[in-house]
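In case you want the letters, here they are:
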Amino acid sequence: LMAIVGTLLLSPQLVAIAERVSDGRIVHAPVPWRSSAPGLDLMSQLLPNPSHPLAPDTLRAWFEGEPGHFEENVASIPWVALCVILVAWRSRSGGLSRFWAATALLFGVMSLGPFIRVAGIETYIPTPWTFLRYVPLIGEARMPPRMAAVVIMAVAVLFAGALASLAQRHPRRRPWILAVVGAALAFELCPAPRRLY
């Protein structure tokens, strides 16, 4: 059902692509083995929110110095969400979907690009993207850092399930659990001051 709905919603784009392919007007950008678009640095997924008012300037400067600059490299997974998921997993309170965990892991690894980079050090350890970037339809997603959006969505689903299961397991503490986690998440993700012009 998802595939049918997705195909219907994407049909204008799919028709345009099909027309370009049939006319021979599709542009194929070559994908070099070692110098294609790099992925995220592994640290960028683990570092805190660089837009937070308490984030040091060196953190923002590090993100801006990465390939693709600040916009392409901010993929900070909220620590509050990771802690709630870990607590729910350790207490075996359920709510954790293997599908969403596998999705977060797969896209998290693919967002690292063809080779894993850690704190600016190129390790040359290949990821699945090393080979998937040559698969015809998949390879059209040429910027692996953008796959971090799927990671964040999968973590959000895991976080929601973990939080719901913890609240169900402790019904008397439910208001406190939700209030504390909500406040901690609002503090961690606060992007103030937000420039509006």
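Residues numbered from 1 in each chain as written. Predicted model: local features only at pLDDT ≥ 70, side-chain atom pairs only at ≥ 80, totals over all residues. Heavy atoms only, no water.

A. Quick look at the layout of surface pockets. Taken as a whole, the largest pocket spans an internal volume of roughly 340 Å³. Lining the largest pocket are 19 residues, with Ile77, Ala101, Ala104, Leu105 and Val155 sitting closest to its centre. Among the secondary structure elements, those contributing two or more residues to the lining of the largest pocket are helix 2 (42–46), helix 5 (79–90), helix 6 (98–110) and helix 8 (148–169). Among the elements that take part in the lining of the largest pocket, helix 6 stands out by supplying six residues, more than any other. Tallied by class, the residues present in the lining of the largest pocket amount to 15 nonpolar, three polar and one charged. Roughly 270 Å³ of internal volume is contained in the second largest pocket. Listed by contribution, the elements that provide at least two residues to the lining of the second largest pocket are helix 4 (69–73), helix 8 and helix 9 (174–189). Of all the elements, helix 8 adds the most residues to the lining of the second largest pocket, at four residues. (1 Å grid on protein atoms, 1.4 Å probe; cavity = no way out; pocket = protein on both sides within 12 Å on 5 of 7 lines; lining within 4 Å. Points joined across faces, edges and corners; volume = space filled by probe spheres on them. Helix = DSSP H or I, 4+ residues; strand = E, 2+ residues; numbered from the N terminus. Nonpolar A, V, L, I, M, F, W, Y, C, P; charged D, E, K, R; others polar.)

B. Structural view of the nonpolar core. The biggest cluster of nonpolar side chains holds 18 residues, and the ones touching the most others in it are Val84, Ile85, Val155, Phe159, Ala162, Leu163 and Val181. Broken down by secondary-structure element, the contributors of at least two residues to this core are helix 5, helix 8 and helix 9. Broken down by element, the residue count for this core peaks at eight residues, all from helix 8. Those residues in contact with valine 181 that sit more than four places away from it in its chain are Val80, Val84, Phe159 and Leu163. (Core = buried A, V, L, I, M, F, W, Y, C linked by side-chain atoms within 4.5 Å. Buried < 20%, exposed > 50% of the residue type's maximum accessible area, 1.4 Å probe, protein only. Contact = heavy atoms within 4.5 Å.)

C. Region of the structure containing helix 5. With 12 residues, helix 5 should cover 16 Å at 1.5 Å per step; its first-to-last C-alpha distance of 16 Å lies within 8% of that length. A positive phi of about 55° marks arginine 92, the residue just after helix 5. (Expected span 1.5 Å × (residues − 1).)

D. Structural context of unusual backbone geometry. Although it is not a glycine, alanine 119 sits at a positive phi angle of roughly 55°. Inspection of the secondary structure assignment puts alanine 119 in the loop between strand 1 (115–118) and strand 2 (121–126). A positive phi angle, near 60°, is found at tyrosine 124, a position not held by glycine. Topologically, tyrosine 124 is positioned in strand 2.

E. Just the pairing of strand 2, in detail. Relative to strand 2, strand 1 is paired through three bridges, and the arrangement is antiparallel. Its bridge partner lying in strand 2, arginine 117 is registered against glutamate 122. Turn length for the strand 1-strand 2 hairpin, with the two strands adjacent in sequence and antiparallel, is two residues, and the turn residue alanine 119 shows positive phi of about 55°. (Pairing = 2+ DSSP bridges.)

F. Main features of the side chain of serine 76. By the secondary structure assignment, serine 76 is in the loop between helix 4 and helix 5. For serine 76, the side chain forms a polar contact with the main-chain oxygen of leucine 47, separated by 3.0 Å. Of note is the side chain of serine 76, whose polar atom sits 3.3 Å from the backbone oxygen of proline 48. Apart from the residues within four sequence positions on either side, serine 76 is in contact with Ser44, Gln45, Leu47, Pro48, Asn49, Pro50, Phe63 and Ile152. (Polar contact = N/O pair within 3.5 Å; in protein donor to acceptor, adjacent residues only side chain to side chain.)

These results come straight from atomic positions and should not be treated as a statement about function.
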